[in-house]
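Chain by chain, the residues:
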Amino acid sequence: PHPKLLPPDPAARALVRMTLLRIEQELFPLVEHIMAGGGDLRTARKTLAGPLSTSARLCPSRGWFMGLDFSLADCAWAAVLHRLPDLGLKLPPDAAAIIRYAERLFQRPAFQKTLK
């Protein structure tokens, strides 16, 4: 595909894969739990807000999560960030960088096509 969703450099590819693994193992289960509506939702929302706030410091003001090229990590983040309103989760003011990053993700034509 163009753009390539994994970098050509083996070390950078490994970093993207590690990021994907973390998102899949830590964030996706929390999102699914909150969407299912079972158990202690307040604790689940608080647990999800922690990594989101921490990740806000890693979001660049331009470019994408892992650098200047769009990658699979950005696709995974788009899946999580698009669900935030449905989850009833509000990010703290210090997470403004991740909100701007989400807006850039959502403006991509490929993302817009997935919503149709």
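Participant: Teacher, can you tell me more about the packing of aromatic side chains here?
Facilitator: Two numbers describe a pair of aromatic rings. These are the distance of the centres and the angle of the planes. Applying the stated criterion to the full structure yields five aromatic pairs. With a centroid separation of 5.3 Å and 50 degrees between ring planes, the pair formed by Phe-65 and Trp-77 is classed as tilted. Of this pair, Phe-65 sits in the loop between helix 2 (41-56) and helix 3 (72-82) while Trp-77 is found in helix 3, placing the two residues 12 residues apart along the sequence. Judged by relative accessible area, Trp-77 falls into the buried class, the value being 2%. Both rings, one in Phe-65 and one in Tyr-101, keep their centres 6.1 Å apart while their planes meet at 50 degrees; by these two values the pair is tilted. With a gap of 36 residues between them, Phe-65 in the loop between helix 2 and helix 3 and Tyr-101 in helix 5 (residues 96-107) connect regions that are remote in the sequence. The class for Phe-65 is buried, based on a relative accessible area of 12%. The rings of Trp-64, Phe-65, Phe-70, Trp-77 and Tyr-101 are connected pair by pair, giving a single aromatic cluster. The aromatic ring of Phe-70 is capped on one face by Arg-108, whose charged end is 3.8 Å from the ring centroid.

Participant: Help me out: how do you make sense of the nonpolar core in this one?
Facilitator: Within soluble globular proteins, side chains that are nonpolar generally end up buried alongside one another. The biggest cluster of nonpolar side chains holds 33 residues, and the ones touching the most others in it are Leu-48, Leu-52, Trp-77, Leu-81, Ile-98, Tyr-101 and Leu-105. Elements represented by at least two residues in this core include exactly helix 1 (10-36), helix 2, helix 3, helix 4 (84-87) and helix 5. A per-element tally of this core places helix 1 first, with seven residues. Tyr-101 has contacts with Cys-59, Trp-64, Phe-65, Asp-74, Trp-77 and Leu-81, leaving out every residue within four places of it along the chain.

The rules behind each value
Residues numbered from 1 in each chain as written. Predicted model: local features only at pLDDT ≥ 70, side-chain atom pairs only at ≥ 80, totals over all residues. Heavy atoms only, no water. Phe/Tyr/Trp six-rings, centres within 6.5 Å; stacked < 30°, edge-to-face > 60°. Helix = DSSP H or I, 4+ residues; strand = E, 2+ residues; numbered from the N terminus. Buried < 20%, exposed > 50% of the residue type's maximum accessible area, 1.4 Å probe, protein only. Lys NZ or Arg CZ within 6 Å of the ring centre and 35° of its normal. Core = buried A, V, L, I, M, F, W, Y, C linked by side-chain atoms within 4.5 Å. Contact = heavy atoms within 4.5 Å.

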